[in-house]
Each structure stands twice: as C-alpha cells, then as structure tokens.
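# Chain and residue survey
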Amino acid sequence: MAAGGGEPAASPMKTPSWAVRIRGADGEIAGAGILLTPDQVLTCAHVVDRAAARLTAEFVGATDHSVPAVPARVDGTAYVPETRDADGDPSGDVALLRLERPRPVEETVRLHRLSAPGREVRMYGFPYAHNGGIWFRSTVVGGCGRDGQVQLSPVSPGELASPGCSGAGVADSRTGEVIGMVLSGQLDQHGNRFSFMSPAETIARHLPGLKPHIEGPTAVDERLLPTDDGPSPDLLDEPFAQRLAAWLRDDGNQVKISVVGPGDAARAATLRRAITLADRELRTAVSIDRASLDPPGTVPSAGGHDLAVDASGVTAAEIAERIADRMGLWQHPEDPPLDRIRASRSTLNLVVVGVDEAIDPLPLLDLLEVLRAGGSRLLLVFRTAGDCHRLARDRLLTRPARERRARLVERLRDLTGPLAEDLHERLAAVVPHGLRPLDSDLVAAHAALADLLRADDADGERDRAGGPGRDRDLDPDQPPGRVRYADRDPDMDWDLDRVRHLEPGRDRDLGRERDRDVDRDRRPERGHDRDPDRDPHQPPGPVRYADRDPDLDWDPDRVRQPEPGRDRDLDPERDRDLDRDRRADRGHDQGPGRAPAPGGGAVPDLGRYERLADRVAGRLAAGVAELDRLRDRRDELAGRLRGYHVLHQHSLQGEEDPAVDDLYLRAHALLRARPCDVRAAEAAVDAYTRRVDGHGGGDAR
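Cut-offs used in this document
- Residues numbered from 1 in each chain as written.
- Predicted model: local features only at pLDDT ≥ 70, side-chain atom pairs only at ≥ 80, totals over all residues.
- Heavy atoms only, no water.
- Phe/Tyr/Trp six-rings, centres within 6.5 Å; stacked < 30°, edge-to-face > 60°.
- Helix = DSSP H or I, 4+ residues; strand = E, 2+ residues; numbered from the N terminus.
- Buried < 20%, exposed > 50% of the residue type's maximum accessible area, 1.4 Å probe, protein only.
- Lys NZ or Arg CZ within 6 Å of the ring centre and 35° of its normal.
- Pairing = 2+ DSSP bridges.
- Axes fitted to C-alpha atoms, helices over the stretch in contact; angles between N-to-C directions.
- Patch = residues over 30% accessible without salt bridge, like charges linked within 9 Å, V, L, I, M, F, W, Y side chains within 5 Å.
- Areas by Shrake-Rupley, 256 points an atom, 1.4 Å probe, with all protein chains shown as cover.
- Salt bridge = Lys/Arg side-chain N within 4 Å of Asp/Glu carboxyl O.
- Lys, Arg positive; Asp, Glu negative; His and termini not counted.
- Charge placed at Lys NZ, Arg CZ, Asp CG, Glu CD.
- Parallel < 35°, antiparallel > 145°, perpendicular 65-115°, else oblique.
- Left-handed = near helix turned anticlockwise from the far one by under 90°.
- Contact = heavy atoms within 4.5 Å.
- Nonpolar A, V, L, I, M, F, W, Y, C, P; charged D, E, K, R; others polar.
- Core = buried A, V, L, I, M, F, W, Y, C linked by side-chain atoms within 4.5 Å.
- pLDDT = per-residue confidence, 0-100.
- Expected span 1.5 Å × (residues − 1).

For the structure on display, the rule yields three aromatic pairs. A ring pair is formed by Tyr124 and Trp135, whose centres lie 5.1 Å apart and whose planes are at 75°; its orientation type is edge-to-face. Of this pair, Tyr124 sits in strand 10 (residues 120-125) while Trp135 sits in strand 11 (residues 134-144), and the two are 11 residues apart along the sequence. Take Tyr124: its relative accessible area is 5%, and that puts it in the buried class. By relative accessible area, which is 16% here, Trp135 ends up buried. The lysine or arginine in question, Arg103, covers the ring of Phe59, its NZ or CZ lying 5.0 Å from the ring centre. Positioned above the aromatic ring of Phe240 is the side chain of Arg267, whose terminal nitrogen or guanidinium carbon lies 3.9 Å from the ring centre.

It is worth spelling out the sheet that holds strand 4 (residues 55-59) at this point. Spatially, the six strands close up into a barrel ordered 1-2-3-8-5-4, and their pairing is antiparallel. On average, each strand axis in the sheet is inclined to that of its neighbour by 40°, with strand direction left out of account. Both strand 1 (residues 19-23) and strand 2 (residues 29-37) contribute to a ladder of five bridges, which runs antiparallel. From the neighbouring strand, Ala19 faces strand 2, where its bridge partner is Ile34.

Before going further, it helps to examine a negative patch on the surface. A surface patch of negative charge is lined by Glu410, Asp414, Asp422 and Glu425. Mapping Asp414 onto the fold places it in helix 9 (residues 387-427). With a relative accessible area of 38%, Asp414 lands in the partly exposed category.

With their axes 10 Å apart at the nearest point, helix 15 (residues 606-652) and helix 16 (residues 658-672) run at an angle of 155° to one another. Viewed along their axes, helix 15 and helix 16 adopt a mutual orientation that is roughly antiparallel. As for how helix 15 packs across helix 16, the hand of that crossing is left-handed. Within the contact between the two elements, helix 15 uses Arg634, Leu637, Ala638, Leu641, His645, His648 and Gln649 and helix 16 uses Val660, Asp661, Tyr664, Ala667, His668 and Leu671. By residue class, the composition of the contact of helix 15 with helix 16 is seven nonpolar, four polar and two charged.

With the rule as written, the count across this model stands at 40 salt bridges. For Arg377, the salt bridge goes to Asp250, with nearest N and O atoms at 3.5 Å. Of this pair, Arg377 sits in strand 20 (residues 377-382) while Asp250 sits in the loop between helix 3 (238-248) and strand 17 (255-259); the two residues are 127 residues apart in sequence, bridging distant segments of the chain. Classification of Arg377 as buried rests on a relative accessible area of 9%. With a closest N to O distance of 2.5 Å, Arg411 and Asp614 form a salt bridge.

Reading across the sheet, the four strands line up as 17-20-19-18 and stay open at both edges, with parallel pairing between neighbours. Each end of this open sheet is capped by a strand with a single partner; those strands are strand 17 and strand 18 (307-310). With direction set aside, neighbouring strand axes in the sheet form an average angle of 10°. Here five bridges tie strand 17 to strand 20, and the two strands are oriented parallel to one another. Paired with Ser258 across the bridge in strand 20 is Val381.

This part is about the nonpolar core. Of all hydrophobic cores here, the largest spans 57 residues; its most connected members are Ile34, Leu42, Leu99, Leu111 and Met181. Beyond its immediate chain neighbours, meaning those up to four positions away, Leu99 contacts Leu35, Pro38, Asp39, Val41, Ala57, Phe59, Val70, Pro71 and Ala72. Within the second largest apolar cluster, 43 residues are counted, among which are Ala420, Leu627, Val660 and Val685.

Per-residue pLDDT for the protein has a mean of 78; in total, 75% of the residues score no lower than 70. When mean pLDDT is compared element by element in the protein, strand 20 scores highest at 97, while strand 22 (residues 553-554) scores lowest at 34. Contacts from residues 1-9, a stretch scored under 50 in pLDDT, to residues over four places away or in other chains number 28 contacts. Under a pLDDT of 50 for its full length, residues 467-593 has, in the predicted model, 276 contacts with residues more than four places off or in other chains.

Okay, helix 8 (residues 361-373) next. Given 3.6 residues to a turn, an α-helix orients residues that are three or four positions apart in the same direction. Counted at 1.5 Å a residue, the expected span for helix 8 with its 13 residues is 18 Å, and the 18 Å between its end C-alpha atoms agrees. Looking at helix 8, one finds that the buried residues are Leu364, Leu365, Leu367, Leu368, Val370, Leu371 and Arg372. Next to the buried residues of helix 8 lie strand 17, helix 6 (316-326), helix 7 (337-343), strand 19 (349-353), strand 20 and helix 9. Backbone geometry just after helix 8 places Gly375 at a positive phi near 105°.

Okay, structure coming up:
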C-alpha cells in the first residue's frame, strides 16, 4: 500500500506520482525509478552506471503538475551491480538513490508481495520519443535464472521494455500494486521478445533495508522457518531433497504428496531447507552460485513456490484467506475466500505442511481440490499415512488421473477413428505429394489407446475384485504378506502422471532397438486397427493403415520409441538414487517402458501420450489441409480442361485433330484416376491447353 496516503493503484488513465525519470550527467534519459519514500528512489544499478557521476530525478507525475528535478546520489552501500555466473545467469542490478530534497509523502508508493504466475502487469517507462513516459503491458511468464528474476512477455511487439524503461515500477493490472521493477528487455536471435523484472521479494533480499517499505505477507509461514531449537540444518535426506527440488523446479507434476513423520528429523530439516531455498526472499547467496557446494540436484529454483503454509492447528478458512491474500484477491472481502479463489483465474505453487493436522482436514481437502482444478500446483505434506492421506491421494491424484486418462482415451479414439478416416478418404482421392507419411503417427496413437484401455481394464478388475489398490498398497499399516511401499521411505512421491523419474535406467541403458524389443516382449497384446469398435483384446497382429498400398503393414509393438531429447530432462544422479529407493521398496525391478504402480500394475505415461495426441492431431490437421488443397487444385484443373475442350471443339468446326485429342484423353484420364496424381495431371492439362492455344483455340482461363 502507499506510504503516507500515496496511491496504491497505478491507474492507466494518468501518470503515476511515484514514477521517476532519471537523467545522467549528459542530460540524456538513463532510465526510470520508483519513489519509495520521500527521499529514496529505487532503480537499476546499470541506470546509475549509465548516468555517470551526476544523477537527476525528475517527477513527471507530481501532484502540482510540474516536473520537479532533484539531484540524487547512491544511498550509501545500497548498490548491487549486475553480475553473471558461468552460465550467464544475471543477479542483482538494484540500487537505491537518496534525494537532496524530499518529495511529498503522498507521492510515494510501497512495493507489494504478490504471487506472480500468469499475472497481467503494466509498467511506466521513458523510451525513446516518449520522454513524458508511456505504459507498457505484459504478462508474467514465470521465474528464470538463479536470482529469482521474473520473465515478462509483452502483450504486443511494440511493448517490449526498451532503453529508458530500466528501473520502472511493474504494477499488477488487477490490484494496481507495484510488485517489482523492470530490469531490461531482450530481442533474441529468433525474434522472441521478453522483458525481465526483479520482484519485491528479490529486491528485499538484495536490499534488506527496504523491507519496511514492502507490504504483504511473506511467502513462508514463520513456523516453517529453521529455528535454533529445531532439527539441525546439517541433516539432509538427499534423495528426498532431490525429489523436492525436482517438483519445485516444475518437473511436470501438478500434485506431489509426501509424508514427513513427527520423529523424522532428517526429513523435517530437508523439507524446511527446500522451502527456504525456493523462496526468493529467504534464498541464500551461496545457493544461487553455480558452484554451490550443495549436493547435486538438491537446490530448487528461486520462486519454486509462491506460498508455503503450516496447516497444523489452523482452519481451512484461515488458509484460504492466506491464499486469497497472496493471490491479490481482496477486491470483494465480503465474499468467502474459497468463492474468490474459485472465481479467480489466478494460479500459484502452494506448499501445505501438516495437512492432516489442520483443525478441519476435510474442508481443507475441498479447498485443495478447488486449487488443483484451477491449475495450481500443490506440494502436500502429511504427518502420517493415515485416512486423511489416503483420502487426499484419492481425491487429488487417483481420481483426477483417471478423469484425465478418460479424456485422453476419447481424444485418441477420435484421432484414430473419424479423423483418421478423413485422412484416408483424402488419400484415396489424391496422391499426397510433399506430405509426410502419417502411418507411423497413427500406429503410435493406436498403441497409446490400447495401453490406456488396458489400464482401464486393470483398474476395473481391481475395483471389482476389491484387491490391492493403489491407496491400500501405500498404507504402511496394511497386513503383512503384501508388498509395502512406504516401509523404507514414507515420502513415496507417487504421482500417477509421473513417469520420467520412475523409468529405471531407460535413458542410460536402452538404445532404440533394445527398447523396441523389450516393449514387444513385455506387451504381447496388440492389434488395434482403425476400427474404433474393434475388441482391444483381440489376438495380436499387424495393423494395415494404407489401403492403397498393401505393403504398408505396421506392427504397433514397434512404435514405442524413446522421445528425442528425453535424457536431457533428467538428472542421472537423481534417477539412480530414486531407482534404488523404488527397487528397495518393491523388492524387484521394474522393466523399462512404463512406470511402476503400487499394486503390481503399471501406470501409463499420460503426459507422454498427451504430447503424442497433440503431435498427431497437428499432423493430421496439416495433412488433411494439404490434401484438401490438392483436391481443390484437381477440381480446378478439371474445370479448366473442360473449358478448353469446348473451345477446341468449336474451333475445329467438325474436323478432327488426333494429336490434340490424345493430349485431352491423357489429361482427362489422369484427373479421373483415384488417387489422382495432381502434379502429373497439371502437366498434362498444361500440355493440352498450350496445344489448343497454338491452334488458335483461345484461352479458357
């Protein structure tokens, strides 16, 4: 909120009073700044460098409509220049200026802590030819680098932050609060345009003296911070730390559920460490460095979470209010916070510790279910693997995964049914010149559909038989004689969508040929063709997709290939540790190709199959469009041929011209052939029309 009555809202209809234009010794505009106190202006360190020895702060939004110019200097040691590590990641670039004469307190503004994902923001800068200032609109893309900076995408190409915008305040479009400062803009070699900002939390870490001028609750509850009487910070469960860091770096899993028992000091310390390092404001400078001595893969991304709360002894309504406040949903305080969250399109990365120790765990699960449905990512920590833990797994993992799988099945049915038929109908009409063959894509889609249908059948059989389901297998209190997955590591981290980190050694040990052989041995059931009504359990056999070419027989058992670049997304050390943990828990090895699931089954890789569906849908759409273009060209050529033929007949006046007639018959036959070779037909039609034109038959085009 604004200090001393200043405006918290940055109205786009007027120049903000806190916007500062900074000139250097040469009189040129060096950048922008934010008036935080009557005599302090926040800006970028490189703006100070550009201004050389003398800086002048000009207040273009002064309340008296003048433009006062006030000399300024760096405020003591409040200057953090930009530095770059070995990877080129930037850090710092913030500075605080002290004015020689103070400004009215009502012109000041305070920074505000707000979760950033997907927010629409605007900034007021002074680019070339806009010395009086202009608004730029952007959308928050996400965090980048180790310093906790945030990437912005301009709404239009002309709104990229340019020289004169560095140091400008970034205001949230919904609340009007200033949530950060513009650092720079960038146009890369591919034509992509990005701007970057330093959010309030990162600024507070670099300039701790500004914390009194930053509003909004911090991202981490005090009870989650390390304490002197708590577990030793030297304790570290490295595999657990790697899994936490992977989720906080967005490993593709929306929901992660873990158990940290009350007596497990190492895991408790590891959890607190991950939460602290993922916070932009609490993150240590040592862990930002690429040469950090922390174990590999255990340092999460800065800004990996937007909010971390301790649910112990707290009501769901209190947690909902905390979330709504962090998301900036305070415009309608009369509405319950859950309703505001449900109506909002905002998302956040949320950590909740002690879910089962909340005063009302069931309403808390309702809140978490609303957040998950809205796209927020959730890291949920339980104290015991009891009833609340099992219910959370069912509502937040198992059911959503089955619903997601059902949607994917319907999409693949559509791709391999009606859309594939549309493609083959067009392939029967015209020769696909220049079109990439799509048979292998359709085979892969059929294989994915078969895999998903088998998983549905397996789930149905387990449900009907009342056998060991996923939740029961995860219960450490289940009767002996059954494989217990939580004995050694109560974290388990079972996410039904998570496959990349549960495929032991696939990227290291399997080549493309071996992968196909192993998949063929492990999955004897295949044989789905393009008929969507065909029994998925029919005997295996090749599938034929190209009716025109009887030699194009495809075996769906040979389409499961490792994805290109897959090994680049994984941390080999983390994989080895995780594989070792899982094998110890299971008591046996899981073969490659599919993720192991509790209960002895295997979980289809939904993320992989969704990407496959996207790829196949795009290629089918492009293929159908290209074939339609060829069919239209065929029809156009047929009309042209008919017109020339009529003109030629009139010009002959009853005479015969066998040579021209042969050209006509050849072109006519090529156009009538199915599939039609449009290129050959076009050449034949051109030959006929040229001959007719040479005989003076005119031009029918």
